[in-house]
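Chain residues, written in single-letter form:
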Amino acid sequence: MKKILIIKHGGLGDILQVTGVFSSVREKYPNDKITLLTDIKFSNLSRKMPYFDEIIFDKRSSSNNFSDFIKLIFKLYIAKYDIVFDLQNSDRTSIYYFIINFFNDCVWSGNRLGGKYKYRPDNFEQISVVDRFKGQLKLMNIDTDIVPEVDWLINEEEKPEVDGKYIIFVPGSSKNKNYKRWPAENFAELAKRLAKKNIKSVVIGLTDSESKEITTIAKSSSSVINYSDRNLGFIVELSRQALGAVANDTGPTFVISATGCPVTLLLSRHHQHFVKPLGSKLNIIQKDLISKITVEEVENNLALRD
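Below is a short write-up of the structure. (Residues numbered from 1 in each chain as written. Predicted model: local features only at pLDDT ≥ 70, side-chain atom pairs only at ≥ 80, totals over all residues. Heavy atoms only, no water.)

### Overview of the overall build of the protein
When helices and strands are counted, the protein shows 11 helices and 12 strands. Each principal axis of the C-alpha atoms in the protein carries an extent, and together these give about 70 × 45 × 40 Å. In the protein, once contacts between residues fewer than 6 apart in sequence are set aside, the share between residues at least 24 apart is 61%. Taken as a whole, the protein presents about 14800 Å² of accessible surface, with 47% of it coming from carbon and sulfur. The distance from the centre of the 43 positive side-chain charges to the centre of the 37 negative ones in the protein is 3 Å. (Helix = DSSP H or I, 4+ residues; strand = E, 2+ residues; numbered from the N terminus. Contact = heavy atoms within 4.5 Å. Areas by Shrake-Rupley, 256 points an atom, 1.4 Å probe, with all protein chains shown as cover. Lys, Arg positive; Asp, Glu negative; His and termini not counted. Charge placed at Lys NZ, Arg CZ, Asp CG, Glu CD.)

Given below as structure tokens:
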């Protein structure tokens with residue numbers, strides 16, 4: 001039995017975007033032990049994934065960072081992995097490479113320094129992130145489906161209850177990155193316009209950081225339904241019946257898109273190398289400042305189910 005390690009940190013969207021890659025590796029090695037190395041902040045999410053036999057958490061933001069890092073390095077070294085898929089390809093994972101391969105002949109797949117299967121074509125910088133993973137795994141004879149999988153995100157608690165047509169609003173984004181957030185007042189105005197067309201607006205959010213925006217939108221119209229503080233499984237079920245979604249660049253947007261729900265994605269000039277949500281119809285509206293995107297532009301360019 002081979003011992004296989006997959007390394008993937010990043011944000012929520014980054015993790016969800018490579019679930020198709022995780023699935024392809026599991027399909028290639030059905031009877032081998034596969035371990036995921038990921039950030040501790042994804043402990044609850046990653047434990048639900050059906051692809052892994054073991055999960056190791058990297059406490060990168062820990063106050064005891066150096067001590068935790070040494071413990072992690074030692075754990076990776078003594079594990080003696082046969083194959084490592086580096087899906088993070090960072091300076092940190094380059095350190096992992098040298099430690100894991102110290103006195104150990106490990107097959108390493110990545111695009112950084114070292115490794116037998118290094119994917120770094122001349123046009124590398126022009127290749128999208130998810131297509132890089134596809135090319136990276138192809139070197140090891142793995143054909144991967146880069147479309148994310150979300151069927152494992154089963155909601156066992158509250159079920160969405162929305163009568164009639166509705167569009168999902170995702171007003172949040174990474175904490176302290178307001179340049180990624182379309183103004184809440186614009187979402188509120190869009191909700192009023194949709195209400196005149198007998199379309200409800202369902203606003204979602206996973207953290208307290210977008211509570212102010214959600215409150216502003218929820219108060220704007222009686223047709224707005226506030227479904228904040230629900231889990232990702234709930235969002236999956238909600239998305240399957242939605243007409244579409246209007247969203248900022250944030251983790252739940254990738255979940256919504258992966259269900260097949262059309263997404264209208266709002267971006268600023270800061271999103272030069274963003275990862276596109278996969279799995280659905282996608283309309284992108286982008287301006288130098290996200291606040292300069294008008295309500296009219298969004299209303300007239302909504303991605304909706306046929």
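### A closer look at the side chain of Lys180
Within the secondary structure, Lys180 is located in the loop between strand S7 (166–170) and helix H7 (184–195). Given a relative accessible area of 9%, Lys180 falls into the buried group. One polar contact links the side chain of Lys180 to the main-chain carbonyl oxygen of Asp249, over a distance of 3.5 Å. (Buried < 20%, exposed > 50% of the residue type's maximum accessible area, 1.4 Å probe, protein only. Polar contact = N/O pair within 3.5 Å; in protein donor to acceptor, adjacent residues only side chain to side chain.)

### Topic: the packing of helix H9 (residues 232–240) against helix H10 (residues 251–258)
It is at 8 Å that the axes of H9 and H10 come closest, and there the two elements cross at 45°. Here H9 lies oblique to H10, going by the angle between them. Seen along the crossing, H9 lies across H10 with a hand that is right-handed. Between H9 and H10, the contacting residues are Leu232, Ile235, Val236 and Ser239 on the first element and Pro252, Val255 and Ile256 on the second. (Axes fitted to C-alpha atoms, helices over the stretch in contact; angles between N-to-C directions. Parallel < 35°, antiparallel > 145°, perpendicular 65-115°, else oblique. Left-handed = near helix turned anticlockwise from the far one by under 90°.)

### Let's talk about empty space enclosed by the protein
Using the criterion set out here, one finds one cavity of 30 Å³ or more in the structure. A volume near 30 Å³ is recorded for the largest cavity. (1 Å grid on protein atoms, 1.4 Å probe; cavity = no way out; pocket = protein on both sides within 12 Å on 5 of 7 lines; lining within 4 Å. Points joined across faces, edges and corners; volume = space filled by probe spheres on them.)

### Considerations on the nonpolar core
Of all hydrophobic cores here, the largest spans 49 residues; its most connected members are Leu45 and Phe85. In terms of residues, this core owes the most to one element, H9, which gives five residues. Residue contacts for Leu45: discarding those within four places in its chain leaves Leu12, Ile15, Leu16, Trp152, Leu153 and Leu232. Counting residues in each nonpolar core, the second largest holds 22 residues, with Ala184, Val203, Ile214 and Ile290 among its members. (Core = buried A, V, L, I, M, F, W, Y, C linked by side-chain atoms within 4.5 Å.)

### Remarks on the sheet that holds strand S11 (residues 263–267)
Taking strand neighbours across the sheet as the criterion, the six strands line up as S9-S8-S7-S10-S11-S12 in an open arrangement whose pairing is parallel. In this open sheet, the two edge strands, each paired with only one partner strand, are strand S9 (224–226) and strand S12 (282–286). Sheet twist, expressed as the average angle between the axes of neighbouring strands with direction ignored, equals 20°. Sheet analysis places S7 next to strand S10 (residues 244–247), joined by four bridges and oriented parallel. Counterpart to Phe169 in the pairing with S10 is Val246. (Pairing = 2+ DSSP bridges.)

### With respect to the packing of aromatic side chains
What describes a pair of aromatic rings is the distance from one ring centre to the other and the angle between the planes of the rings. According to the stated counting rule, one finds 10 aromatic pairs in the structure shown. The interplanar angle of 70° and the centroid separation of 5.1 Å between the aromatic rings of Phe22 and Phe52 together place this pair among those described as edge-to-face. Highlighted residues: Phe22 in helix H2 (residues 19–28) and Phe52 in the loop between helix H3 (43–47) and strand S3 (54–58), separated in sequence by 30 residues. Residue class for Phe52 comes out buried when judged on its relative accessible area of 13%. Between Tyr29 and Phe85 the ring centres are 6.4 Å apart and the planes differ by 55°, which places this aromatic pair in the tilted class. Linking Tyr29 in the loop between H2 and strand S2 (33–39) with Phe85 in strand S4 (residues 83–86), this pair joins segments that are 56 residues apart in sequence. (Phe/Tyr/Trp six-rings, centres within 6.5 Å; stacked < 30°, edge-to-face > 60°.)

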